[in-house]
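Spelled out from the first residue to the last, the chains are:
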Amino acid sequence: MVIFLFLRNLSATVIPSLALPFSIIGTFAVMYLLSFSLDNLSMMALILSIGSWSTTPSSMLENIVRHIELGERPCRPR
């Protein structure tokens, strides 16, 4: 319901609504087949979150520079 309120498009809502449960079920199935524990999953999640945390500012900065190079003015705080 929350996804639909943001997207306001039924077909765009169905995809993320189905992707989340399938990815969780698939993750636990692969964990079971490879004999991973939740500790291993926690370490992998920590490593991925650190990687995401370190790349997000650089991609944001690239976007800002791109918009400035296209001629947009930087926003000034009021």
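Cut-offs and rules
Residues numbered from 1 in each chain as written. Predicted model: local features only at pLDDT ≥ 70, side-chain atom pairs only at ≥ 80, totals over all residues. Heavy atoms only, no water. Helix = DSSP H or I, 4+ residues; strand = E, 2+ residues; numbered from the N terminus. Areas by Shrake-Rupley, 256 points an atom, 1.4 Å probe, with all protein chains shown as cover. pLDDT = per-residue confidence, 0-100. Patch = residues over 30% accessible without salt bridge, like charges linked within 9 Å, V, L, I, M, F, W, Y side chains within 5 Å. Salt bridge = Lys/Arg side-chain N within 4 Å of Asp/Glu carboxyl O. Expected span 1.5 Å × (residues − 1).

## Section: the overall build of the protein chain
Next up, step 1: Looking only at helices and strands, the protein chain features three helices and zero strands.
Next up, step 2: For the protein chain, the succession of helices and strands along the chain, N to C, is α-α-α.
Next up, step 3: Put simply, the protein chain shows about 7400 Å² of open surface, and 72% of that area lies on carbon and sulfur atoms.

## Observations regarding the confidence of the model for the protein chain
Interpretation of this model should avoid reading the predicted coordinates in detail wherever pLDDT is low.
Next up, step 1: Across the protein chain, the average pLDDT comes to 75, with 79% of residues at or above 70.
Next up, step 2: Element-level mean pLDDT values for the protein chain span from 71 in helix α1 (residues 2-7) up to 78 in helix α2 (residues 10-33).

## What to know about a nonpolar patch on the surface
Next up, step 1: A contiguous nonpolar surface patch, about 770 Å² in accessible area, is contributed by Met-1, Phe-4, Leu-5, Leu-10, Val-14, Leu-18 and Phe-22.
Next up, step 2: Elements that contribute at least two residues to the nonpolar patch include exactly α1 and α2.
Next up, step 3: Ranked by residue count, the leading element in the nonpolar patch is α2, at four residues.
Next up, step 4: Assignment of secondary structure puts Met-1 in the segment before α1.

## Overview of α2
Next up, step 1: With 24 residues, α2 ought to run about 34 Å at 1.5 Å a step, and its terminal C-alpha atoms sit 35 Å apart, in line with that.
Next up, step 2: Looking at the residues trailing α2, positive phi occurs at Ser-35, about 60°.

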